[in-house]
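A look at the structure
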Amino acid sequence: MSQGARRSVFDRATHARYFFHVRRNNVFEEDPEGIDLASPEQAVEEATAAAR
């Protein structure tokens, strides 16, 4: 297994994937990819920034 593959497996084990779906003006925008974040606190920061 290459170094990059090991790092990828490690990242998935220590990070959660968060999906930020948004509703603006009665239009629902789904986040199909999500983002890997290390903590719920980072998810709150990301959501707060996206809502502005």
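What comes next is a walk through the structure. (Residues numbered from 1 in each chain as written. Predicted model: local features only at pLDDT ≥ 70, side-chain atom pairs only at ≥ 80, totals over all residues. Heavy atoms only, no water.)

Moving on, we come to the overall build of the protein. Secondary structure summary: the protein contains two helices and four strands in total. When the helices and strands of the protein are read in sequence order from the N terminus, they spell out α-β-β-β-β-α. For the protein, the proportion of its 52 residues judged to be buried stands at 10%. Considering only intrachain contacts with a sequence separation of at least 6, the fraction spanning at least 24 residues in the protein is 13%. (Helix = DSSP H or I, 4+ residues; strand = E, 2+ residues; numbered from the N terminus. Buried < 20%, exposed > 50% of the residue type's maximum accessible area, 1.4 Å probe, protein only. Contact = heavy atoms within 4.5 Å.)

What follows covers the environment of Ile35. You can see Ile35 is positioned in strand β4 (residues 35-37). The class for Ile35 is partly exposed, based on a relative accessible area of 30%. Counting along the chain gives 17 residues from Ile35 to Tyr18, while the straight-line C-alpha distance between them is 5.4 Å.

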